[in-house]
Amino acid sequence: MISATENELRTQPETWQQAIDLLPEVRDLLPTPGERVLIVGAGTSWFMAIAYAKLREAAGQGVTDALTPTEVSPARSYDRVIALSRSGTTTEIIDVLKNVSGAPGGPGTPSVLPTAVADGPASEHADAEIVLGFADETSVVQTRFATSALALLRASLGEDLSGAVADARTVLDREIEQSWIDADQITFLGTGWTKGLADEAGLKMREASQSWTESYYAMEYRHGPIAIAQPGRITYQFGPAPEGLAAQTEQAGSAFVASDLDPLAQLVAVHLWAVRRAEAKGLDPDAPRHLTRAVHLG
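My aim in this report is to walk through the structure given alongside it, one point at a time. What you see is a predicted model, and the numbers here were worked out from it, not measured in a lab.

Reading guide: rules and limits
- Residues numbered from 1 in each chain as written.
- Predicted model: local features only at pLDDT ≥ 70, side-chain atom pairs only at ≥ 80, totals over all residues.
- Heavy atoms only, no water.
- Helix = DSSP H or I, 4+ residues; strand = E, 2+ residues; numbered from the N terminus.
- Rg over C-alpha atoms; globule rule 2.2 N^0.38 Å.
- Buried < 20%, exposed > 50% of the residue type's maximum accessible area, 1.4 Å probe, protein only.
- Contact = heavy atoms within 4.5 Å.
- Areas by Shrake-Rupley, 256 points an atom, 1.4 Å probe, with all protein chains shown as cover.
- Pairing = 2+ DSSP bridges.
- Axes fitted to C-alpha atoms, helices over the stretch in contact; angles between N-to-C directions.

Moving on, we come to the overall build of the protein. Looking only at helices and strands, one finds ten helices and nine strands in the protein. Taken over C-alpha atoms, the radius of gyration comes to 19 Å for the protein, in line with the 19 Å a tight globule of 298 residues would show. In terms of principal-axis extent, the alpha carbons of the protein reach across some 55 × 45 × 40 Å. A total of 298 residues make up the protein; the buried ones form 57% of that total. For the protein, long-range pairs separated by at least 24 residues make up 74% of all intrachain contacts whose partners lie at least 6 apart in sequence. Carbon together with sulfur atoms contributes 51% to the accessible area of the protein, which is approximately 12200 Å² in total.

Relative to the helices and strands, alanine 252 is located in the loop between α9 (245–251) and β9 (255–257). Placed 180 residues apart in sequence, alanine 252 and valine 72 show a C-alpha to C-alpha distance of 40 Å. Residue contacts for alanine 252: discarding those within four places in its chain leaves Ala229, Gln230 and Pro231.

Quick look at the environment of alanine 164 now. Within the secondary structure, alanine 164 is located in helix α6 (residues 162–172). Note: C-alpha distance between alanine 164 and threonine 89 (75 residues apart in sequence) is 30 Å. Dropping the residues within four chain positions of it, alanine 164 is found in contact with Trp16, Asp262 and Ala265.

This part covers the sheet that holds strand β5 (residues 128–131). Taken in spatial order, the five strands make up an open sheet running β2-β1-β3-β4-β5, and their pairing is parallel. Edge strands, defined here as strands with exactly one partner in the open sheet, are β2 (64–67) and β5. Taken pair by pair, the neighbouring strands of this sheet meet at an average axis angle of 20 degrees, ignoring direction. In the sheet, strand β4 (residues 111–115) pairs with β5 via four bridges, with the strands oriented parallel. Across the sheet, residue threonine 115 finds its bridge partner in β5, namely valine 131. Of the strands in this sheet, β1 (37–40), β2 and β3 (80–83) touch helix α3 (residues 44–58), which is tilted by about 170 degrees from β2.

Everything listed is a geometric property; what it means functionally is a separate question.
Laid out in structure tokens, this is it:
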């Protein structure tokens, strides 16, 4: 029987396209070039925020800070706040939106809430919401909402994501190699915007399969973390690898995995990989331990 998590992660090419098609309706709610932007998210949403912030700055569209909600600084001001929340119920996100006139950027700072659920508790504190209801999930472990939100944000920067959608379909037509399922440790690497994806890949693997994973900037891996490389372990690179890193990692004994696919499609492969590792361990990917769909603090 296929898990709900796998059923949902397999719909990502379609939900990405739906998110891209939604852009003309919501473009005016998203940042314009030159604005100073704060994007906040918790857990998976934070890692998507990091990826977007790096992409927006690299595109020359303006200063963009990506923060987990509890670390928003009152010393910084912004022209717009984006609060990512699948459920629209996460306590820390609500707190940021409640304080948007103070902490994020002064009176009248426009805020928008990309979410999967309309009219949730957070929505009453945001100026607008972008509802990706087609990407909502029953799974505790996030897959399609997070990547669909990032697809929308990437498209808003002017990216053509047709190749990414095709690449996602490609990875979903493949099965995961047995050596990947059996690996006793996995390190995920990224550069620029793909570091957020590396962080998210590590989180996904820990949540679904209780695996030992770590994540680093690719060049930073050489400055100490490579010490854990050995046979039976995998180092997985999102996007292009720095010159010489594959050879150095393989010399230390780890398998080095890189790909020409769009990095967001690589993350889809990790989603399936996490499910397969969970199944191999006799775990239920739909019921990760200690986790709930959203975090509510009393």
